[in-house]
Amino acid sequence: MMGNLFSLSGKKAIITGGSSGIGAMIAKSFVQNGVKTYITSRKREALEEKAKEFSNYGECIALQSDLSSNEGILEFVRAISELESGIDILVNNAGTSWGASIEEFPEHGWDKVMDINLKSIFFLTQKLLPLLKISGTPEDPARVINIASINGITHPNMPTYSYSSSKAAVIQLTRHMGADLAKENININGIAPGYFPSKMTSHIEHDEKMTEFVLDRIPIRRMGKPEDIAGAAIYLSAIASSWVCGETIVVDGGMVAAAG
């Protein structure tokens, strides 16, 4: 058994927001490691292009969805239930952000971020519990990985009030659901990424001064690479982490540690 600590071969996974950024990085690593991987997002064309690309390494299926509403969640769960009788891994990665000064921050910006970043995690996981319970065993539980952010732990130095609040809530939700569902052979953990190349960080990458500002705060002087986030996701999905429950792993090059 020790030789298979990180094997994922033969498992089935769902990754929300799987067509770009961190979701795509995790999806590619799963497919390359023998996981039948369903990726979902709102934009069908980009989703199908990414699924086609990843299918060069293994089995990757695109299922378009809008998880910002209960109706969209139910529609997605119906679609996946017609295709699979059980799911081993759910990665709740879909997310969005909104920035505005504290004086001008709009209610619709707050609600949009909370609906996608927090509410959809709870209700998608809730609706997928039957498929997760079928797959989980005491020796190798089903896994749910919630993608939080270091901005839910430390000050983001940006006026993204709903984003940082939602990610802090994701960390607490991970603890709460993790403790409650462990008895059902479902391990729920989280990852709090630092700065990885994505749409949300593109404004940093294209601004030399901003890039230098961010790198100055990262003890390991670089942005995250796909291998960094993939390694954490693989660990939390494999037998190696079967006794890890309700925790959120920080993957940020030491940024939170250095924040004091």
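Structural data are supplied above this passage.
Residues numbered from 1 in each chain as written. Predicted model: local features only at pLDDT ≥ 70, side-chain atom pairs only at ≥ 80, totals over all residues. Heavy atoms only, no water.

Trainee: Help me understand the overall build of the protein, please; the structure alone is not making it clear to me.
Mentor: A count of helical and extended segments in the protein gives nine helices and seven strands. Taken over C-alpha atoms, the radius of gyration comes to 18 Å for the protein, in line with the 18 Å a tight globule of 260 residues would show. Expressed as lengths along the three principal axes of its C-alpha atoms, the size of the protein is roughly 50 × 40 × 40 Å. Burial status across the protein gives 48% buried among its 260 residues. Within the protein, counting contacts between residues at least 6 apart in sequence, those at least 24 apart form 72% of the total. In the form shown here, the protein has an accessible surface area of approximately 12,500 Å², with 53% of it arising from carbon and sulfur atoms. Averaging the positions of the 24 positive and the 29 negative side-chain charges in the protein gives two centres separated by 3 Å. (Helix = DSSP H or I, 4+ residues; strand = E, 2+ residues; numbered from the N terminus. Rg over C-alpha atoms; globule rule 2.2 N^0.38 Å. Buried < 20%, exposed > 50% of the residue type's maximum accessible area, 1.4 Å probe, protein only. Contact = heavy atoms within 4.5 Å. Areas by Shrake-Rupley, 256 points an atom, 1.4 Å probe, with all protein chains shown as cover. Lys, Arg positive; Asp, Glu negative; His and termini not counted. Charge placed at Lys NZ, Arg CZ, Asp CG, Glu CD.)

Trainee: Would you explain the packing of helix H1 (residues 21-32) against helix H8 (residues 226-237) in this entry?
Mentor: Packed helix pairs are specified by the crossing angle of their axes together with the interaxial distance, meaning the distance between the axes. One way to put it is that H1 packs onto H8 with a least axis distance of 9 Å and a crossing angle of 60 degrees. Our classification of the angle between H1 and H8 gives oblique. Of the two elements, H1 crosses H8, and the hand of that crossing is right-handed. Between H1 and H8, the residues in contact are Ile 22, Met 25, Ile 26, Ser 29 and Phe 30 and Pro 226, Ile 229, Ala 230, Ala 233, Ile 234 and Ser 237, respectively. For the contact of H1 with H8, the class distribution of residues is nine nonpolar, two polar and no charged. (Axes fitted to C-alpha atoms, helices over the stretch in contact; angles between N-to-C directions. Parallel < 35°, antiparallel > 145°, perpendicular 65-115°, else oblique. Left-handed = near helix turned anticlockwise from the far one by under 90°. Nonpolar A, V, L, I, M, F, W, Y, C, P; charged D, E, K, R; others polar.)

Trainee: Could you clarify how one ought to interpret unusual backbone geometry in this entry?
Mentor: Trans is the common state for peptide bonds, and a negative phi is the common state for residues other than glycine. With a phi angle near 60 degrees, Asn 157 is a residue other than glycine that sits in the positive phi range. According to the relative accessible area criterion, Asn 157 is partly exposed, its value standing at 44%. With a phi close to 60 degrees, Asn 185 is a non-glycine residue in the positive phi region.

Trainee: Any chance you could explain the packing of helix H4 (residues 107-135) against helix H5 (residues 161-181) here in plain terms?
Mentor: Packing of H4 against H5 brings their axes to within 8 Å, and their N-to-C directions diverge by 15 degrees. In this view, H4 runs roughly parallel relative to H5, as classed from their interaxial angle. The two elements H4 and H5 cross, and the hand of that crossing is right-handed. Listed contacts from H5 to Gly 109, Trp 110, Val 113, Met 114, Asn 117, Leu 118, Ile 121, Phe 122, Thr 125 and Leu 129 of H4 are Tyr 161, Ser 162, Tyr 163, Ser 165, Ser 166, Lys 167, Ala 169, Val 170, Leu 173, Met 177 and Leu 181. By residue class, the composition of the contact of H4 with H5 is 14 nonpolar, six polar and one charged.

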